[in-house]
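Survey of secondary and tertiary structure
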Amino acid sequence: MNPKLPLSRLIALSVAGFVTFFAVWSGFAASGLVAPQFLPSPLAVIKQFVALTQMPFVGFTLQQHLASSFGRFAAGFGLAVAIGIPLGLMMGWFRGLDAVVSPVFDALRFIAPIAWVPFAALWFGTGIGGPVLIIFSGAFPPCVINAYRGAKYVEPRLIEAAQTLGASHWRMITEVLLPASVPSIVAGLRISAGLGWQSLVGAELIVASSGIGYLLVRGQANISTSIVMSGMIAIGIVGFAIDALLRALEARIHRRRGH
């Protein structure tokens, strides 16, 4: 195994990677091999990004599109967490429930979230329900799976001690399985949030009249690559921020547990 690199060198390598990427991009844009309309320079994209934060595009500024998208994401992701984590814990404890739910869950979880778009459009039109359904379908499986695994791998001595003390099923789930499963659950939340955010953008490409995905569609319709790229940058920034927050939460939990 290679020795761990110092932080300063890791930062330097990251900066070098960004510089190389933008240098190659700038070189292609300046070469004239591709029309600026289809491959704008990094500077042109930055200018467009700033302009979108100040002037509305298809009715909203970039911040308003992001706020609309994040509201849908929060609803779908929150619903997935509220249902998925309790369901996973209960499946890990009640064998009968596991036997009933697992076959249906295993069949549905392999359906790509984007496959639910036709149903979302038919059932909800361009309302908030469609994107929420699609986000939920992407974020739900990791919540269930990681909560289930966390419950299944709880140390037997903890369960035996709780049963010896006469703990009810409810107390067993809330006071034994849930605390012991927290690291696994939080790790699942990172995966869930990433899939939910990606699913949101796919949903908004088709079943939304606002949001960052809708901005991409309208930018493409206007043959404005700089608007599309600006939207992609915004998606990446928000996605990175969500993951960074959950990663910090995960690290804090591990520190508190002495790992």
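Now for a quick tour of the structure.

Conventions and cut-offs
- Residues numbered from 1 in each chain as written.
- Predicted model: local features only at pLDDT ≥ 70, side-chain atom pairs only at ≥ 80, totals over all residues.
- Heavy atoms only, no water.
- Helix = DSSP H or I, 4+ residues; strand = E, 2+ residues; numbered from the N terminus.
- Buried < 20%, exposed > 50% of the residue type's maximum accessible area, 1.4 Å probe, protein only.
- Contact = heavy atoms within 4.5 Å.
- Lys, Arg positive; Asp, Glu negative; His and termini not counted.
- Charge placed at Lys NZ, Arg CZ, Asp CG, Glu CD.
- Salt bridge = Lys/Arg side-chain N within 4 Å of Asp/Glu carboxyl O.
- 1 Å grid on protein atoms, 1.4 Å probe; cavity = no way out; pocket = protein on both sides within 12 Å on 5 of 7 lines; lining within 4 Å.
- Points joined across faces, edges and corners; volume = space filled by probe spheres on them.
- Axes fitted to C-alpha atoms, helices over the stretch in contact; angles between N-to-C directions.
- Parallel < 35°, antiparallel > 145°, perpendicular 65-115°, else oblique.
- Left-handed = near helix turned anticlockwise from the far one by under 90°.
- Nonpolar A, V, L, I, M, F, W, Y, C, P; charged D, E, K, R; others polar.
- Phe/Tyr/Trp six-rings, centres within 6.5 Å; stacked < 30°, edge-to-face > 60°.
- Core = buried A, V, L, I, M, F, W, Y, C linked by side-chain atoms within 4.5 Å.
- Polar contact = N/O pair within 3.5 Å; in protein donor to acceptor, adjacent residues only side chain to side chain.

Further remarks concern the overall build of the protein chain. Of the regular secondary structure elements, the protein chain holds 10 helices and 0 strands. Sequence-ordered secondary structure for the protein chain, helices as α and strands as β, is α-α-α-α-α-α-α-α-α-α. Reported as C-alpha extents along the three principal axes, the dimensions of the protein chain are approximately 75 × 55 × 30 Å. Buried residues in the protein chain amount to 38% of all 259 residues. Of the contacts made within the protein chain by residues no fewer than 6 positions apart, 72% connect residues no fewer than 24 positions apart. Each charge class in the protein chain was averaged separately, 17 positive and 8 negative side chains, and the resulting centres sit 10 Å apart.

All told, the structure shown has 5 salt bridges when counted by the stated rule. The salt bridge partner of Glu250 is Arg190, with a shortest N-O separation of 3.1 Å. Pair noted here: Glu250 is in helix α10 (residues 225-256) and Arg190 is in helix α8 (residues 169-204), with a separation of 60 residues, a long-range link. A residue is classified by how much of its surface remains accessible, and Glu250, at 15% relative accessible area, is buried. Salt-bridge contacts for Arg247 lead to Asp243; the nearest nitrogen and oxygen are separated by 2.6 Å. One end of the pair, Arg247, and the other, Asp243, are both in helix α10, 4 residues apart, so they sit about a helical turn from each other. Overlapping salt bridges bring together Arg190, Asp243, Arg247 and Glu250 as one network.

Right, let's get into unusual backbone geometry. Phi is positive for Val58, close to 45 degrees, though the residue is something other than glycine. In this fold, Val58 is placed in the loop between α2 (42-54) and α3 (62-93). A relative accessible area of 31% means that Val58 is categorised as partly exposed. For Ile223, which is not a glycine, the phi torsion comes out positive at approximately 50 degrees. By the secondary structure assignment, Ile223 is in the loop between α9 (212-221) and α10.

We now examine the layout of surface pockets. Put simply, the largest pocket is a space of about 230 Å³. The wall of the largest pocket is formed by 13 residues, among which Leu108, Trp116, Phe136, Ser137 and Phe140 lie closest to the centre. Breaking the lining of the largest pocket down by element, the ones donating at least two residues are α4 (95-108) and α6 (129-152). Considering every element that reaches the lining of the largest pocket, the biggest residue donor is α6, with 5 residues.

Where α3 meets α6, the axes come as close as 6 Å, and the angle between the chain directions of the two elements is 30 degrees. Our classification of the angle between α3 and α6 gives roughly parallel. Considering how the two elements wind past one another, α3 and α6 form a crossing that is right-handed. In terms of residue class, the contact of α3 with α6 is built from 22 nonpolar, 4 polar and 2 charged.

Bringing the packing of aromatic side chains into the picture now. All chains considered together, the criterion is met by 11 aromatic pairs. Where Phe21 meets Phe22, the ring centres are 5.2 Å apart and the plane angle is 75 degrees; that geometry is what we call edge-to-face. On the numbers, 5.8 Å between centres and 50 degrees between planes, the contact of Trp116 with Phe119 is tilted. Look at Phe119 and you get partly exposed, because its relative accessible area is 38%. What links up through ring pairs into an aromatic cluster is the set Phe18, Phe21, Phe22 and Trp25.

This next bit is on the nonpolar core. By size, the foremost hydrophobic cluster in this structure holds 45 residues, and its most contacted members are Phe73, Leu89, Leu177 and Ile212. Of all elements in the fold, only α3, α4, α6, α7 (156-164), α8, α9 and α10 reach the threshold of two or more residues within this core. In terms of nonpolar packing, the next biggest core, distinct from the first, is built from 5 residues, Val117, Ala120, Ile134 and Ala203 among them.

Below, the discussion takes up the environment of Phe136. By secondary structure assignment, the location of Phe136 is in helix α6. When the C-alpha positions of Phe136 and Ala74 are compared, they lie 9.9 Å apart, and in sequence the two are 62 residues distant.

On to the side chain of Asp98. Looking at the secondary structure, you find Asp98 in helix α4. Of the side chains with opposite charge, Lys152 comes closest to the buried, unpaired Asp98, at an N-O distance of 4.5 Å. Among the polar contacts listed, one links the side chain of Asp98 to the side chain of Ser102, at a separation of 2.4 Å. A distance of 2.8 Å separates polar atoms of two side chains, one belonging to Asp98 and the other to Tyr148.

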